[in-house]
There are 4 protein chains.
Amino acid sequence: MTHEIGIGMLGYAFMGKAHTRAFREIAALDSPLRPRLVAIAGRTEDAVAAVADRYGYERWTTDWHDIVTDPAIGLFDNGGPNSLHAEPTIAAAEAGKHVLCEKPLGRDADESYEIWQRVAATGVRHLCGFNYRFVPAVRLAREMIDAGELGEIRHFRGRYLQDWGDDPSLDTWRFQPDEAGSGALGDLGTHVVDLARFLVGEILTVSGLVRTFVKGRRVDDALEGAVEFENGTVGTIEATRLALGRRNAFQWEINGSKASLAFDMERLNELQVFRTDRDRARGFKTVLVSETDHPFLHFWWPPGHIVGWGETFVHEIHHLLRAIAGDTDVAPYGATFEDGYRAAEVCDAIVRSSASGNRVTVAYR
Amino acid sequence: MTHEIGIGMLGYAFMGKAHTRAFREIAALDSPLRPRLVAIAGRTEDAVAAVADRYGYERWTTDWHDIVTDPAIGLFDNGGPNSLHAEPTIAAAEAGKHVLCEKPLGRDADESYEIWQRVAATGVRHLCGFNYRFVPAVRLAREMIDAGELGEIRHFRGRYLQDWGDDPSLDTWRFQPDEAGSGALGDLGTHVVDLARFLVGEILTVSGLVRTFVKGRRVDDALEGAVEFENGTVGTIEATRLALGRRNAFQWEINGSKASLAFDMERLNELQVFRTDRDRARGFKTVLVSETDHPFLHFWWPPGHIVGWGETFVHEIHHLLRAIAGDTDVAPYGATFEDGYRAAEVCDAIVRSSASGNRVTVAYR
Amino acid sequence: MTHEIGIGMLGYAFMGKAHTRAFREIAALDSPLRPRLVAIAGRTEDAVAAVADRYGYERWTTDWHDIVTDPAIGLFDNGGPNSLHAEPTIAAAEAGKHVLCEKPLGRDADESYEIWQRVAATGVRHLCGFNYRFVPAVRLAREMIDAGELGEIRHFRGRYLQDWGDDPSLDTWRFQPDEAGSGALGDLGTHVVDLARFLVGEILTVSGLVRTFVKGRRVDDALEGAVEFENGTVGTIEATRLALGRRNAFQWEINGSKASLAFDMERLNELQVFRTDRDRARGFKTVLVSETDHPFLHFWWPPGHIVGWGETFVHEIHHLLRAIAGDTDVAPYGATFEDGYRAAEVCDAIVRSSASGNRVTVAYR
Amino acid sequence: MTHEIGIGMLGYAFMGKAHTRAFREIAALDSPLRPRLVAIAGRTEDAVAAVADRYGYERWTTDWHDIVTDPAIGLFDNGGPNSLHAEPTIAAAEAGKHVLCEKPLGRDADESYEIWQRVAATGVRHLCGFNYRFVPAVRLAREMIDAGELGEIRHFRGRYLQDWGDDPSLDTWRFQPDEAGSGALGDLGTHVVDLARFLVGEILTVSGLVRTFVKGRRVDDALEGAVEFENGTVGTIEATRLALGRRNAFQWEINGSKASLAFDMERLNELQVFRTDRDRARGFKTVLVSETDHPFLHFWWPPGHIVGWGETFVHEIHHLLRAIAGDTDVAPYGATFEDGYRAAEVCDAIVRSSASGNRVTVAYR
C-alpha cells in the first residue's frame, strides 16, 4: 500500500502551478509516496483561495508560518520569490519537513550557503529546483557521460536565451534587487551553471561580464563568460533576456574525444548525438528521446509521443519522493541544496569578475 | 459554481490512460463542467481494478453495460478496441449520455455510418477522438486558413509514418481484422484523412494502394494515395507502420497561393509558415506555437515552454465539455461522429481503389 | 599525357551555361580527356556570339547542323529546348559523336524511344542529363543501397517542389506544348522518376493525376501519383511548380528494413541516415556529405566545405568523359538514353492514368 | 573590351587551388578585368610544375622573388604559409602590384601592422582573404544591419568549430609556431573576429582563454572569450579544432532590438532571420539565400540552386578586381589589410588576456 505525504506549498503563480500540477500527476503514477495537497500559502488572499479551490488543497493561508509547522505536512515546497526562499525553507526543515526549494537557492552565495548549512544540519531531504536535470534528453546525456561514451570532455558551451525582457515597464519581483537578488543571472544563468556542473563537472575559473541594457532596470539583463572546469574542459556560458526570437532557448553543446552532444530546450524532446563510430555516414543524430526504457519515459506514452515542459516537474518531484521514501538519494541525479549553493558561488564569481575585470577562481566553502 | 459531470470510461490501456489523465487535468482548469471519475470498464478484472484505484475512479466493472446506463454518468468515453466502438457508444447515447468515441469511429464506413446515425438521432453531444485537431499548431493552421491567409489551396501532402510494425510476432487486437477492422489505414490513415478534411476540405477522389508487408499479417501495413479535393486541391496521402526511424511522424504540408504551412508531429509545438510577404528575406518560419493568446495555450505556460502529446486530449475533452455545457458546438473545431463517418468513407474508397485499380469518387451518404 | 576531346554545345541558356562551366572546370581536374570548347550553336546570333566569346568557344553558329558533323568535335552536348533534342542528337551520334542530351530525353515515350534506339545503334556513348545522380549525397545513397545497407526496401516517397510557376504571363518554351512536350512532368517529374529508378528499381504501376492550375496554361503544373515498384516497394511521387516557398525542393525518402534515407536538394550536401544499430540513442543522422573518400569529393575541398549545385554537372560530365575514354561505363551510375526512355515511359503512364482514372502498368518496349 | 590583369600566385595547395579556380571562373563572368594566369610559385618543383600545367599558368617558379617583380603581373595573390605572408606581399606591393593576402595577415599584430603600413604606403589595392564576408548570406546580413533592420544590437555569439585537430601526428606548417604564428586562433579565430567586426563593429575588450589539448602540440587548439564591443554589444567568441562532429561549423548569431540573425557555415546558403513583425506566427525564417537580386547571385543559377564554398573566392576576387578597376573600393565589403591588422590586434589581446587573467582593452595603433 502506498503511503501518503502531506504537501505544503508556498507560492501559487508560475512555479506554484507547475509544482501543484506535478503533485496531482504523481498521485496517479507508481510512486512510493502519494502526495496529498494539504495547504498552500500566498500573499494575496483572493488569489490563494481561488488556487487552493481549483487544485484541491485542503486549506490555504496568507501566512507561510502556518504551513511550515503543520504536522500533516511532510514536504514543504517553496515556489515563492527568491527573497522568501531562506526563512521559510529553513523553518520547515527545522520543523522536520523535507524541503524542495526553487532555484536560485538564495539571492547570493552567502544566503545560499546559509540555507544549505542550516537545512543539511536537520537531516531532512532537500532538493533545489533545477528541473532541467529532469528533462529526459538531459538525463540521457548524463548517463552517456557517466558511461564514458564521450571520452575526455574538451568543450562546454551553454547559453540560456529568452527575449521577454526588452520592456522597461516590467516590474514584477523578478526586477527588484531585494526580492530577486539578480536578473538573468539568478533566473537563467544558474540553470546554465547547474547543467554545466551536472554534465561536465566543477567550474574552476570564470572570466565574465554582467550587463544591464534596459534603462532604469536594477538587475542584470545578460551575462557572458569564458570558463575553465577542473577537468580541463573550457567553454563559454551565457544567459540573456534580450535575445530576440529565442523564447526559451536553453542550448548547450558538449564536445568530447569520442562523442559530442547538443541540446535546445525549445526542442525539449531531442538530443543531438555525434559519435566517432566507423560509419561512413557520419553526422549528428537527432534523437527523439521517447523510448520507454528511459528512466522517466515509462511514465508516459509509446515511443514517438513527446512530453511537455511541465513533465520535468513530475520527474523531479517523483525523484524527491523516492528519496524521501529511502529508495534513492537526491544526488547525483537531483540537485541538492549543496548544488544550489555551488551554482550561487559560480554566479557570484561571475559578478566579481565582471566588476574587477579579472579571471576569478571559484572558491567553494 | 462549476457543475460536475460524471465520467464513464471504457478501456484502460493507451487511450484509457491518456483520456483519464486529461479528465484529471481538466478538473483543475477553468472549465464549465468539472469531470468526476465515476466508473471504468475493462476486460480484465485485476487490471481494471488497479487502474481504477490508481486514477481514482469511484468504481470499476468488467461489463461495459454497467456504465452506459448509470445515472451518475453524463459522458461516456469509449477508448476500447474498434470492435467495441459501436454497441456501447450507441447504447450510451440512447441512454442519454454524451459520447466521446476514439477513432476510427467504426471498423468501416457502414459501421461508422450506423454509429453516427443512431447517436445523432438521440440528440446528445458526440465527438470522435481525432485529437490532432487539438494540437496547438494544427489549430493555428486551421485559423489561418479560415482567415484566408493561404489564399487558394493547391496542394496537400499528408503522411503518418511509424516504424513499430515490422515485427511478425505482434498480435494485439490492432492486428486482428475482426477487432481492428484494418491496420495502418484505420489507425493512422484516418488521422491523415481527418486533418486533410479539417484543413483543406472534402476529398473528391482517391487513387490508392493498400499493402501488407509482414508475412501472415491479416491487416494492412501501409497505404499510398493520390487525391483530389472538391475545391481543386490535389495531393498525396500515406500511412505506414514500417517507415524505419519515423517514430510518430505525422507530417503534412499545404501549399496555397499566398502561404504554405508544414508540420511534423515529432515536433508537435512547431508550425512551419511561409508567406509571400515583401520581405527580401523569404523562407519558412519555424514558429514555436507557444504564445498564450492561442486558444489552448492559456491553460499552460509562458511562451517558449512546450506542451506534450498528452495535452491534446486535455484540449479535446475541454472542448467537448464546453459543448456539453452549451458554450460552443463540437463542430467545426472538434470532429463529430459525422466526421468520423466521413473519414471512414474515404478510407473505404482507398480500399476499393486498391482492389479495383480505379480512381474512386468518394460518395457520402 | 591527357588527350583532348572537342566539345560541340547546343544551347547557351541555363543548361548551356551550366555545362560549359563544367567543361571549363574539368579542364583543370584529373580527367582522361581534356575538354576543348570547339563550337556552340544557338538560335539568336548576338547572344550566341557573346556567350562563345565569354566562355572561350572557338567558334559559334546559329545552325546546329554545323556542329554535329564537325570533325574537331568528339562530344555533342545538347542543352537545347526539348523539341530540339531528337534531331540534332541523332544526327550527331550518326556522325560518330558521343552525345550528352539534357532531360527529358524526348517529349514523350515515343520520341524518347526513337532517340535511344537510333543512338544506341551507332555505338557511341550516350548520357541523359539526370544530373541529380551526381549529387554526392545521392551517390552515397546509391552505394549504401547497393551494399545492402537498407535491407528490403518498403517505401519511396519523392517530390520535386518549386514555386516559380504561379505567374500566368510566363511564356518561355517551357510552357509551349510543342517545344516542351509537358510542364512539371517532363521538367521535374522525370527527375523524380529517374531517382526512383536509380535508387529503388523499376516502377511497375502508377495511379496518377496531372493538373494545370494556371488559367490558359497549356502544359501541366503538377502531378501526383501512387506507385508500386517491381520489387514490392510502394510510395508516392509528386512534382509541382506551385508549392509556395519551396524554391528547389527535390525531396525524397526511402524506408528499408535496416535503414532509412532522406534528402532535400535545398540542402544538397546533406543526407539523412537512420540505421537500426544497437545505439540507445536512435535517430536520423544529418550527414554532411563532404568526406574526401567520396567518389566525387576528392575533386574539391577538405571535409566540411560544401559544394554547389553547379558541381553536379562537373561530376556528370567527368563521368561521361571517363566512359568515352573507356575507363568505365555510363551505366549504372550515369543515366543512359535507355534510362531517359524509361523515365519517359513512366511519365506517359502517369498521363494515361490521369486521363483514364485507372492504375496503369508501365510497359517498357 | 575587357582588359586583362596578370596574376601571380604564391602557393598551390588548399588556398592556391581555391583562388586559381576562382580566377578561372571569373574569366567567364562579367568582370572589368579578365584574369590571365601568368605565373605560380611554390616550394616543391614537381608539385608546382604539375599545378601550373593543370590550371594553365603560363610559367612556374620555386622562387617567389621571380613573380613579385614580373611586369606581366598586375595582381599578386599570396596563398602561402603565414610565415611567407609578409615579405613577398610587401615586395609585390612595393613593385606596384595589387595584393591579395590570405588570412591571417601576419603571424601577430606586430607583423600584421608592418604589412599593412608598408603596403598602404605604396598606394596599391590590398585585400585580406576573409572570404566569409563573401558568403551570400553574410553579405545579406551586413546589408540588413546597415539598413537598420536589426535596430540596436545587443548580442553577438560567434564560434568556429572544426574537429580535425585531434591527432597528435599532424605536423603540417599549421602546427609549427614559426610558420603559422598560432593555431586555431589565427586559422579560425581570426575569421570569427573579422565577421564580428564586419557585422557588429569594433571590439572593445576581451576576456579570454587559449588552450592546447593535444600533448606536444606547440600551437593552440582552442580559444574562448567573452567580449564587449564599442557600441555596447556583448557576447562570446570561440574557435576550436576539437569539436567532434563539427566539420566546418562557423556559427554566429546576432540579436538586435528589432531582429535577430543566425548562420552556420555548414549550411552556407541559409540565413536564419527573426523579425518583430506583427505576424501572429512568429519565429526564425530559414532563408535560402539564392535570389538573383543578391549582389553575388546574379553570377549563378535561378533561385533555389545553391552555391558552394568555393564560390566565396569568386565573389571575393571579383570584388577586388572591380576595386582595382576603380569601380568600387575594397572596403567596407571586402577586408583591407587594415582589417587584417585589426583582427590580429584582437587576437593578440585574447592571448594577453589568457596569460594575465585580466580583461584586456583592445588598443589599435
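None of these values were measured; they are calculated from a predicted model.

The rules behind the values
Residues numbered from 1 in each chain as written. Chains lettered and ligands numbered in written order. Predicted model: local features only at pLDDT ≥ 70, side-chain atom pairs only at ≥ 80, totals over all residues. Heavy atoms only, no water. Salt bridge = Lys/Arg side-chain N within 4 Å of Asp/Glu carboxyl O. Helix = DSSP H or I, 4+ residues; strand = E, 2+ residues; numbered from the N terminus. Buried < 20%, exposed > 50% of the residue type's maximum accessible area, 1.4 Å probe, protein only. Phe/Tyr/Trp six-rings, centres within 6.5 Å; stacked < 30°, edge-to-face > 60°. Lys NZ or Arg CZ within 6 Å of the ring centre and 35° of its normal. pLDDT = per-residue confidence, 0-100. Contact = heavy atoms within 4.5 Å. Buried area = accessible area lost by both parts, 1.4 Å probe. Polar contact = N/O pair within 3.5 Å; in protein donor to acceptor, adjacent residues only side chain to side chain. Axes fitted to C-alpha atoms, helices over the stretch in contact; angles between N-to-C directions. Left-handed = near helix turned anticlockwise from the far one by under 90°. Nonpolar A, V, L, I, M, F, W, Y, C, P; charged D, E, K, R; others polar. Least-squares fit on C-alpha atoms with pLDDT ≥ 70 in both. Expected span 1.5 Å × (residues − 1).

Peer 1: Looking at this structure, how should I read the pattern of salt bridges?
Peer 2: A side chain with one charge can pair with a side chain of the opposite charge if their charged atoms come near. Within this structure, the stated rule accounts for 164 salt bridges over all chains. A salt bridge links Arg174(B) to Asp187(B), with the nearest nitrogen and oxygen atoms 3.4 Å apart. Taken together, the residues span a long stretch of sequence, with Arg174(B) in the loop between strand S7 (153-161) and helix H7 (177-180) and Asp187(B) in helix H8 (residues 184-199) at a distance of 13 residues. Judged by its relative accessible area of 23%, Arg174(B) falls in the partly exposed class. Among the charged side chains, a network of salt bridges with common partners joins Arg133(A), Asp194(A), Arg197(A), Glu202(A), Glu338(A), Asp339(A) and Arg342(A).

Peer 1: Explain the packing of aromatic side chains here, please?
Peer 2: Given two aromatic rings, one states the distance between the centres and the angle between the planes to describe the pair. This model, assessed by the stated rule, comprises 68 aromatic pairs over all chains. In this structure, Arg365(A) packs its charged tip against the face of Tyr113(A), placed 5.3 Å from the ring centre. Lying over the aromatic face of Phe284(C), Arg246(B) brings its terminal NZ or CZ to 3.9 Å of the ring centre.

Peer 1: What exactly am I supposed to notice about the confidence of the model for chain A here?
Peer 2: Predicted coordinates in regions of low pLDDT should not be interpreted in detail. Of the residues in chain A, 99% reach a pLDDT of 70 or more, and the chain-wide mean stands at 96. Here the prediction assigns the complex a pTM of 0.97, and the interface score ipTM is 0.96.

Peer 1: Would you mind going over the interface of chain D and chain A with me for this structure?
Peer 2: For an interface, size is often stated in terms of accessible area lost upon the parts coming together. With 48 residues of chain D at the interface, the matching set in chain A holds 48 residues. For the pair chain D and chain A, the two sides together bury roughly 3800 Å², of which 50% comes from carbon and sulfur. The three residues of chain D that bury the most area against chain A are Arg154(D), Leu244(D) and Arg359(D), which together make up 18% of that side's buried surface. Put simply, chain D and chain A have 10 salt bridges between them. A salt bridge links Arg154(D) to Asp166(A), with the shortest nitrogen-to-oxygen separation between them at 3.0 Å. Taken together, the connections running from chain D to chain A amount to 26 residue pairs in polar contact (both at pLDDT 80 or more). Those elements that provide at least two residues to the side of chain D that touches chain A are strand S7 (153-161), strand S8 (203-211), strand S9 (222-229), strand S10 (234-240), strand S11 (249-256), strand S12 (259-264) and helix H10 (337-356) of chain D.

Peer 1: I'm lost on the packing of helix H1 (residues 14-26) of chain C against helix H9 (residues 311-324) of chain C in this one. Help?
Peer 2: The axes of two packed helices give the description: the angle between them and the distance between them. Residue and element names in this part refer to chain C. Where H1 meets H9, the axes come as close as 8 Å, and the angle between the chain directions of the two elements is 65°. Considering how the two elements wind past one another, H1 and H9 form a crossing that is right-handed. Here H1 contributes Met 15, Ala 18, His 19, Arg 21, Ala 22, Phe 23, Glu 25 and Ile 26 to the contact with H9, which in turn contributes Glu 311, Phe 313, Val 314, Glu 316, Ile 317, His 318 and Leu 321. Of the residues assigned to the contact of H1 with H9, the class counts are 9 nonpolar, 2 polar and 4 charged.

Peer 1: When you look at the relation of the copies chain D and chain C in this model, what are you seeing that I'm missing?
Peer 2: Both copies of the chain are related by one operation, a rotation about an axis with a shift along it. For the match of chain D to chain C, the screw axis carries a shift of 0.0 Å, the RMSD comes to 0.0 Å, and the turn is 180°. On this basis, the relationship between the two copies can be described by a two-fold rotation axis. Considering only C-alpha atoms, the residue of chain D closest to the rotation axis is Gly308(D), which sits at 1.9 Å. The overlap is high: 100% of the interface residues of chain D also sit at the interface in chain C, so the same surface is used on both sides.

Peer 1: Mind showing me how you'd approach the interface of chain D and chain C here?
Peer 2: Contacts between the two partners involve 39 residues from chain D and, on the opposite side, 39 residues from chain C. Both sides together, the interface formed by chain D and chain C hides about 3300 Å², and carbon and sulfur atoms give 51% of it. On the chain D side of the interface with chain C, the three residues burying the most area are Arg247(D), Trp301(D) and Ile306(D), jointly 19% of the side's total. Linking chain D with chain C are 8 salt bridges, by the criterion used here. A salt bridge links Arg267(C) to Glu270(D); the shortest N-O distance between them is 2.7 Å. Taken together, the links from chain D to chain C amount to 21 residue pairs in polar contact (both at pLDDT 80 or more). Listing elements by their share of the side of chain D that touches chain C, those giving two or more residues are helix H1 (14-26), helix H2 (45-55) and strand S14 (283-288) of chain D. Take the side of chain D that touches chain C: its biggest share by element is 6 residues, from H1(D).

Peer 1: Would you mind showing me how to read the relation of the copies chain D and chain A here?
Peer 2: At an RMSD of 0.0 Å, chain D and chain A line up after a rotation of 180° and a shift of 0.0 Å along the axis. Of all interface residues in chain D, 100% are interface residues in chain A too; the two copies therefore contact each other through one and the same surface.

Peer 1: How should helix H4 (residues 86-94) of chain A be read in this particular structure?
Peer 2: Residues spaced three or four apart along an α-helix point in a common direction, a consequence of the helix completing one turn every 3.6 residues. Residue and element names in this part refer to chain A. The set of residues buried in H4 consists of Ala 86, Pro 88, Thr 89, Ile 90, Ala 92 and Ala 93. Considering only its buried residues, H4 is in contact with strand S1 (3-10), helix H3 (65-68), strand S4 (75-78), strand S5 (98-101), helix H5 (109-120) and helix H10 (337-356). Following H4 by one or two positions, Gly 96 adopts a phi angle in the positive range, close to 90°.

Peer 1: What should I look at first to understand helix H1 (residues 14-26) of chain A in this one?
Peer 2: The first and last C-alpha atoms of H1(A) sit 19 Å apart over 13 residues, in line with the 18 Å expected at 1.5 Å per residue. Along H1(A), 10 of the 13 residues are buried, which leaves the element largely enclosed by surrounding structure.

Peer 1: Please explain the environment of Val314(A) as it appears in this structure.
Peer 2: Residues and elements named next belong to chain A. The residue Val 314 is located in helix H9 (residues 311-324) in this model. Residue Val 314 is classed as buried on the basis of its relative accessible area, which comes to 0%. With 11 residues separating them along the chain, Val 314 and Pro 303 place their C-alpha atoms 19 Å apart. Apart from the residues lying within four places of it in its own chain, the contact partners of Val 314 are Ala 22, Glu 25, Ile 26, Leu 29 and Trp 300.

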